[in-house]
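Examining the three-dimensional arrangement
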Amino acid sequence: MSWMVALLAEDGLQYVYRVYAPGDALRGDLFWAAFHCHDESARPRASDLFDSAQIWALPVSDARI
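So, here's what we can say about the structure.

What counts, and where the lines are drawn
- Residues numbered from 1 in each chain as written.
- Predicted model: local features only at pLDDT ≥ 70, side-chain atom pairs only at ≥ 80, totals over all residues.
- Heavy atoms only, no water.
- Helix = DSSP H or I, 4+ residues; strand = E, 2+ residues; numbered from the N terminus.
- Contact = heavy atoms within 4.5 Å.
- Areas by Shrake-Rupley, 256 points an atom, 1.4 Å probe, with all protein chains shown as cover.
- Pairing = 2+ DSSP bridges.
- Axes fitted to C-alpha atoms, helices over the stretch in contact; angles between N-to-C directions.
- Buried < 20%, exposed > 50% of the residue type's maximum accessible area, 1.4 Å probe, protein only.

**Remarks on the overall build of the chain**
Secondary structure summary: the chain contains one helix and three strands in total. What you see in the chain, going N to C, is helices and strands ordered as β-β-α-β. Taking the intrachain contacts of the chain between residues at least 6 apart in sequence as the baseline, contacts between residues at least 24 apart amount to 45%. Counting only carbon and sulfur atoms, one obtains 55% of the accessible surface of the chain, whose full area is about 4600 Å².

**A closer look at the sheet that holds strand 2 (residues 14-20)**
Pairing in this open sheet of three strands is antiparallel, and the strands run 2-1-3 from one edge to the other. In this open sheet, the two edge strands, each paired with only one partner strand, are strand 2 and strand 3 (54-57). Each adjacent strand pair in this sheet contributes to an overall mean axis angle of 20 degrees, direction not counted. Here seven bridges tie strand 1 (residues 2-8) to strand 2, and the two strands are oriented antiparallel to one another. Across the sheet, Trp3 pairs through a bridge with Val19, a residue of strand 2.

**Digging into the environment of Trp32**
Here Trp32 shows up in helix 1 (residues 27-39). Look at Trp32 and you get partly exposed, because its relative accessible area is 40%. Between the alpha carbons of Trp32 and Val5 there is a distance of 9.7 Å; along the sequence they are 27 residues apart.

Structure follows, in structure tokens:
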């Protein structure tokens, strides 16, 4: 399953990351997966406040391509 995690950063922008995890994944685990991905890049520091993150699941399609 795919999750989207949006993190606020010091530059005022919001960075969005796709995290692959099971449907019953803990929101905290999703947050830390995205935060560590952001932290490894050259972008400005992201907020480490869990409450500032937006997390949502991507719809699952049954279509086979």
